[in-house]
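Observations on the three-dimensional arrangement
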Amino acid sequence: NVTFGDVWYCGGQSNMALSLGYSFEKDSSREAILRGQYDNIRIHGVEGNMNIKQPWSTAKQAVEDDKLFDYSSTCWYFG
(Lines give C-alpha, C1' and ligand atoms only; values in the text may rest on other atoms or scores of the structure.)
Protein backbone atom coordinates (compact mmCIF):
# COMPACT_ATOMS: atom_id res chain seq x y z
CA ASN A 1 0.00 0.00 0.00
CA VAL A 2 1.15 3.49 -0.82
CA THR A 3 -0.03 6.50 1.16
CA PHE A 4 0.26 10.09 -0.03
CA GLY A 5 0.07 13.15 2.17
CA ASP A 6 1.87 15.43 4.54
CA VAL A 7 4.54 14.24 6.93
CA TRP A 8 4.77 16.06 10.26
CA TYR A 9 7.63 15.49 12.66
CA CYS A 10 7.39 16.85 16.17
CA GLY A 11 10.47 17.46 18.20
CA GLY A 12 11.59 19.62 21.03
CA GLN A 13 12.18 19.67 24.69
CA SER A 14 10.66 17.62 27.48
CA ASN A 15 7.16 19.00 26.82
CA MET A 16 7.08 16.89 23.65
CA ALA A 17 7.67 13.74 25.70
CA LEU A 18 4.38 13.91 27.61
CA SER A 19 2.65 10.75 26.49
CA LEU A 20 -0.97 10.62 25.39
CA GLY A 21 -1.72 8.46 28.42
CA TYR A 22 -1.36 11.52 30.65
CA SER A 23 -3.67 13.79 28.66
CA PHE A 24 -7.22 14.64 29.67
CA GLU A 25 -8.71 13.69 26.28
CA LYS A 26 -7.01 10.33 25.87
CA ASP A 27 -10.22 8.30 26.04
CA SER A 28 -12.05 10.46 23.48
CA SER A 29 -9.06 10.10 21.13
CA ARG A 30 -9.14 6.32 21.54
CA GLU A 31 -12.89 6.19 20.86
CA ALA A 32 -12.56 8.40 17.77
CA ILE A 33 -9.81 6.14 16.41
CA LEU A 34 -11.94 3.03 16.94
CA ARG A 35 -14.83 4.75 15.08
CA GLY A 36 -12.50 5.19 12.11
CA GLN A 37 -12.13 8.95 12.35
CA TYR A 38 -8.33 8.84 11.91
CA ASP A 39 -7.86 5.94 9.50
CA ASN A 40 -5.34 7.84 7.37
CA ILE A 41 -3.02 8.87 10.19
CA ARG A 42 0.26 6.98 10.62
CA ILE A 43 2.33 7.49 13.76
CA HIS A 44 5.75 6.53 15.06
CA GLY A 45 8.24 7.63 17.65
CA VAL A 46 12.01 7.91 17.67
CA GLU A 47 13.93 6.64 20.66
CA GLY A 48 15.42 9.37 22.82
CA ASN A 49 16.30 10.11 26.38
CA MET A 50 12.61 10.42 27.36
CA ASN A 51 10.93 8.30 24.68
CA ILE A 52 10.86 4.67 23.76
CA LYS A 53 11.19 3.66 20.11
CA GLN A 54 7.77 3.26 18.54
CA PRO A 55 7.42 1.67 15.09
CA TRP A 56 5.35 3.08 12.23
CA SER A 57 1.74 2.17 12.86
CA THR A 58 -1.77 3.21 12.05
CA ALA A 59 -3.59 4.87 14.90
CA LYS A 60 -6.01 1.93 15.04
CA GLN A 61 -3.17 -0.58 15.19
CA ALA A 62 -1.61 1.39 18.05
CA VAL A 63 -4.92 1.16 19.94
CA GLU A 64 -5.23 -2.57 19.25
CA ASP A 65 -1.63 -3.16 20.39
CA ASP A 66 -2.26 -1.03 23.51
CA LYS A 67 0.56 1.33 22.48
CA LEU A 68 -1.36 4.51 21.59
CA PHE A 69 -0.96 6.07 25.01
CA ASP A 70 2.85 5.79 24.72
CA TYR A 71 2.99 8.30 21.84
CA SER A 72 3.52 12.04 22.33
CA SER A 73 0.28 13.81 23.23
CA THR A 74 1.52 17.10 21.78
CA CYS A 75 2.24 15.50 18.43
CA TRP A 76 -1.04 13.58 18.40
CA TYR A 77 -3.19 16.63 19.06
CA PHE A 78 -1.20 18.78 16.65
CA GLY A 79 -1.56 16.20 13.90
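Structure: see above.
Reading the values: rules and limits
- Starting afresh in each chain, residues are numbered from 1 along the sequence in its written order.
- Predicted model: local features are reported for residues with pLDDT of at least 70 only, side-chain atom pairs are reported and counted for 80 or more only, and whole-chain, interface and lining totals are derived from all residues.
- Excluded from the side-chain calculation are hydrogens and water; included are all heavy atoms of the structure.
- Candidates for patches are residues over 30% relative accessible area with no salt bridge; among them, like charges are joined within 9 Å and nonpolar side chains (Val, Leu, Ile, Met, Phe, Trp, Tyr) within 5 Å.
- Under the convention used here, a 1.4 Å probe and the Shrake-Rupley method define accessible areas, while residue burial counts only the protein chains that appear.
- Only one rule defines a salt bridge in this text: a Lys or Arg side-chain nitrogen within 4 Å of an Asp or Glu carboxyl oxygen.
- Runs of H or I in DSSP of at least four residues are treated as helices and runs of E of at least two as strands, each being numbered from the N terminus.
- To sort residues, take the accessible area from a 1.4 Å probe on protein chains only and compare it with the maximum for the residue type: under 20% means buried, over 50% means exposed, and anything in between is partly exposed.
- Between N or O atoms, a polar contact is any pair within 3.5 Å; within protein, one atom must be a potential hydrogen donor and the other a potential acceptor, and residues adjacent in sequence are included only when both atoms are from side chains.
- Contacts between residues were defined by any pair of non-hydrogen atoms, one from each residue, lying within 4.5 Å.
- Any two rings among Phe, Tyr and Trp, with Trp reduced to its six-membered ring, count as a pair given centres within 6.5 Å; such a pair is stacked if its planes are under 30 degrees apart, edge-to-face if over 60, and tilted if neither.
- Paired strands, as defined in this entry, are two strands with at least two bridges between them according to DSSP.
- His is not counted here, nor are the chain ends, while Lys and Arg score as positive and Asp and Glu score as negative.
- In plain terms, the charge of a residue is placed at NZ if it is Lys, CZ if Arg, CG if Asp and CD if Glu.
- This arc corresponds to the set of directions leading from the helix axis out to the C-beta atoms.

Points about a nonpolar patch on the surface
- A cluster of nonpolar side chains, namely Val7, Tyr9 and Trp56, defines an oily patch on the protein surface of about 420 Å² accessible area.
- Note on placement: tyrosine 9 falls in the segment before α1 (26-34).
- The exposure class assigned to tyrosine 9 is exposed, which follows from its relative accessible area of 61%.

Structural notes on the side chain of serine 57
- Mapped onto the secondary structure, serine 57 falls in strand β2 (residues 54-58).
- Reaching out from serine 57, the side chain makes a polar contact with the backbone nitrogen of alanine 62 at a distance of 3.3 Å.
- Ignoring anything within four residues of it in the chain, the contact list for serine 57 reads Ile41, Arg42, Ile43, Ala62 and Tyr71.

Structural notes on the packing of aromatic side chains
- The final tally for this structure, using the stated rule, is two aromatic pairs.
- Where tryptophan 8 meets phenylalanine 78, the ring centres are 5.0 Å apart and the plane angle is 70°; that geometry is what we call edge-to-face. One end of the pair, tryptophan 8, is in the segment before α1; the other, phenylalanine 78, is in helix α3 (residues 73-78), with 70 residues separating them in the sequence. Each member of the pair, tryptophan 8 together with phenylalanine 78, is exposed.
- Pairing tyrosine 38 with tryptophan 76 gives two aromatic rings, centres 5.3 Å apart and planes at 75°, and the pair type is edge-to-face. In this pair, tyrosine 38 is assigned in the loop between α1 and β1 (42-45) and tryptophan 76 in helix α3, connecting sequence segments 38 residues apart.
- Looking at tyrosine 38, the relative accessible area reads 28%, which means it is partly exposed.

Concerning the pairing of β1
- Residues Ile43 and Gly45 line the buried face of β1, whereas the alternating positions Arg42 and His44 sit on a face that is not buried.
- Bridge count for β1 against β2 is three bridges, and the pairing is antiparallel. Looking at the pairing, glycine 45 lines up with glutamine 54 of β2.

Digging into a negative patch on the surface
- Taken together, the side chains of Glu64, Asp65, Asp66 and Asp70 present a region of like negative charge at the surface.
- The topology assignment puts aspartate 66 in the loop between α2 (59-64) and α3.

A word on α1
- Among the residues making up α1, those that are buried are Ser29, Ala32 and Ile33. Angularly, the buried residues of α1 cover 100° about the axis, an arc narrow enough to put them on a single face.
- The secondary structure elements touched by the buried residues of α1 are α2 and α3.

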